[in-house]
Amino acid sequence: MKNRAALIFGYNDYALEIAKNIRDEYENVYLYSLNSEYDILKNKSDFEIKSFDLSDKWDELNENIDIEKSIAFCVLEDSAENIFLTISLRSSFDALNIIALSNNKQTANKLQMAGANKVIPLVQTTAEMISEMLQKPIVKEVFHNILFESGTLKIAQVKIDENNKYIGEAISDIDWSRRYGVMILAIVYEDMSTEFIYSSKIKHHIVNKNDLFIIVGYEADMKEFEKMTGSICD
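If you're wondering where the values come from, they're calculated on a predicted model, not measured in any experiment.

Parameters at a glance
- Residues numbered from 1 in each chain as written.
- Predicted model: local features only at pLDDT ≥ 70, side-chain atom pairs only at ≥ 80, totals over all residues.
- Heavy atoms only, no water.
- Helix = DSSP H or I, 4+ residues; strand = E, 2+ residues; numbered from the N terminus.
- Buried < 20%, exposed > 50% of the residue type's maximum accessible area, 1.4 Å probe, protein only.
- Pairing = 2+ DSSP bridges.
- Axes fitted to C-alpha atoms, helices over the stretch in contact; angles between N-to-C directions.
- Contact = heavy atoms within 4.5 Å.
- Expected span 1.5 Å × (residues − 1).
- Polar contact = N/O pair within 3.5 Å; in protein donor to acceptor, adjacent residues only side chain to side chain.
- Core = buried A, V, L, I, M, F, W, Y, C linked by side-chain atoms within 4.5 Å.

Novice: Would you explain the environment of Gln112 in this entry?
Specialist: Looking at where Gln112 falls in the secondary structure, it is placed in helix H5 (residues 105–114). Relative accessible area serves as the criterion here: at 47%, Gln112 is assigned to the partly exposed category. The spacing of Gln112 and Ile99 is 13 residues in sequence and 9.7 Å in space, taken between C-alpha atoms.

Written as structure tokens, this is what we have:
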């Protein structure tokens, strides 16, 4: 009998966080590493790790996986490899739900053209911050909606420029969701350290030039937010 599975191609911090947070959604979660890495990684994870090659014909998937009820995540760190993988999977499986991660807008467009159902932009945050965010029920729900539902929610970075009117204000005094319809998840400071929005420390943070806000919202609201606060970063 064929399995309903989550197939995660790439072995890195993002892949592991995805695996941990969808393990209850699917009967099986498989992580796929490129053949060159497989021997090193196969005994280092709680999840079953399989090897694959970009030239694979996916015979094993056809035999064992219920494609229409499964999902694939393309999270290879090399953008060209990730695009090629997406093309290969889509050409083999019309009904497979493919989620791909991109590191910039140009790659995101190519992944969509390659056949990804959904493209999730990477932001300059750490896997540890993502893990902390996903422990919050409301953020976990938002993350689930972005990945699995057909809505238009997006995640992006907004950089505070020197002319921003909120510089000098406490972040806790600004009602971002009421004013702009977006939710701030975290701040990446100028030294690239991060702080989750619900931590006690961030309530006293004063908005500074070059702060990066990690935000989630609908595309139209995010464009309005960008006009008022700074610029969207790829």
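Novice: Explain the sheet that holds strand S2 (residues 28–34) to me, please; I cannot follow it from the model alone.
Specialist: Pairing between the strands of a sheet is mediated by backbone hydrogen bonds and can be parallel or antiparallel. An order of S3-S2-S1-S4-S5-S6 is seen for the six strands of this open sheet, with the pairing classed as parallel. Edge positions in the sheet fall to strand S3 (48–52) and strand S6 (118–121), since each has one partner strand and no second. Neighbour-to-neighbour, the strand axes of this sheet turn through a mean angle of 25°, independent of strand direction. By the bridge criterion, five bridges tie strand S1 (residues 5–9) to S2 in an arrangement that is parallel. In the sheet register, Phe9 faces S2, and the bridge partner there is Tyr32. Along the sheet face, helix H1 (residues 13–22) touches S1, S2, strand S4 (71–74) and strand S5 (97–102) and points at about 170° away from the line of S1.

Novice: Would you mind showing me how to read helix H4 (residues 79–92) here?
Specialist: An α-helix turns once per 3.6 residues; consequently, residues spaced three or four apart project the same way. Between its first and last C-alpha, H4 extends 20 Å over 14 residues, near the 20 Å set by a 1.5 Å rise per residue. Taken residue by residue, H4 has Asn82, Ile83, Leu85, Thr86, Ser88, Leu89 and Arg90 as its buried positions. Buried-residue contacts for H4 involve S1, S3, helix H3 (59–64), S4, S5 and H5. With a side-chain oxygen positioned 3.1 Å from the backbone nitrogen of Ala80, the residue opening H4 is Asp78.

Novice: Explanation requested: the nonpolar core in the structure shown.
Specialist: It is characteristic of soluble globular proteins that their nonpolar side chains tend to be buried jointly. Of all hydrophobic cores here, the largest spans 26 residues; its most connected members are Leu7, Phe9, Phe52, Trp58, Leu61, Leu85 and Leu89. Looking at this core, the elements that each hand over two or more residues are S1, S2, S4, H4, S5 and H5. Counting residues in hydrophobic clusters, the runner-up holds 19 residues, among them Ala19, Val29, Ile49 and Ile71.

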